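# A structural walkthrough
Each chain, written out:
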Amino acid sequence: KAMLSHSLRGNAMLKKSLIVATLAALALGGIAIAQEVKAPVSPSPIKRTIIGKVEVPGANYEVITAIVEIAPSFKAGRHFHPGIVDFQVLDGEFWLARDGQPEKTYKTGESYEIPMKAIHNEGSTGTVPAKLVVTYVVEKGQPLVQPVK
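We now turn to the structure provided with this report. Being a predicted model, the structure only gives us computed values, none of them experimental.

Reading guide: rules and limits
- Residues numbered from 1 in each chain as written.
- Predicted model: local features only at pLDDT ≥ 70, side-chain atom pairs only at ≥ 80, totals over all residues.
- Heavy atoms only, no water.
- Helix = DSSP H or I, 4+ residues; strand = E, 2+ residues; numbered from the N terminus.
- Contact = heavy atoms within 4.5 Å.
- Phe/Tyr/Trp six-rings, centres within 6.5 Å; stacked < 30°, edge-to-face > 60°.
- Buried < 20%, exposed > 50% of the residue type's maximum accessible area, 1.4 Å probe, protein only.
- Lys NZ or Arg CZ within 6 Å of the ring centre and 35° of its normal.

Here we take up the environment of G123. Within the secondary structure, G123 sits in strand β9 (residues 120-125). Along the backbone, G123 and I70 are 53 residues apart, and their C-alpha atoms lie at a distance of 6.6 Å. What G123 contacts, discounting residues up to four positions off in sequence, is I70, F74, K75, E93, F94 and W95.

Let's shift gears to the packing of aromatic side chains. Taken as a whole, this structure holds four aromatic pairs when the rule is applied. A centroid spacing of 5.5 Å and a plane angle of 35 degrees characterise the contact between Y106 and Y112, whose relative ring orientation is tilted. Taking relative accessible area as the criterion, Y112 reaches 25% and is therefore assigned partly exposed. Joined through ring pairs, the aromatic side chains of F87, F94, Y106 and Y112 make up one cluster. Above the plane of the ring of W95 lies K75, whose end atom (NZ or CZ) is 4.7 Å from the centre.

In structure tokens, the structure reads:
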């Protein structure tokens, strides 16, 4: 029980750090010049525009906020992120299939948190692109997306 309590406190502290870092990232996002992360395929079915990036003080993590646009009916393939990912759908429908979980489609206004390094597939459903605001709390120096072989 003590170990669970300690784990929950650590999780709460990480979430508080996430909130503080996200607010800082959004505040600095207006100052930072938006940069697009290029994909190896052209034209890319996923457009990720970084709007903020902040290092978490005293930790080996950084908070990256991005606008992510996914082409209609595109599925990214199984992958994971080296940290926690929180998203909210701005437009369209976003499909998510976490390993071991039922598939779910998120609509405009809905949000979800993908746990650290959770293997999943994701994409857009329907005939319009899915557009999301995504906050990544990831290990410094790691790529945002790591494919699963």
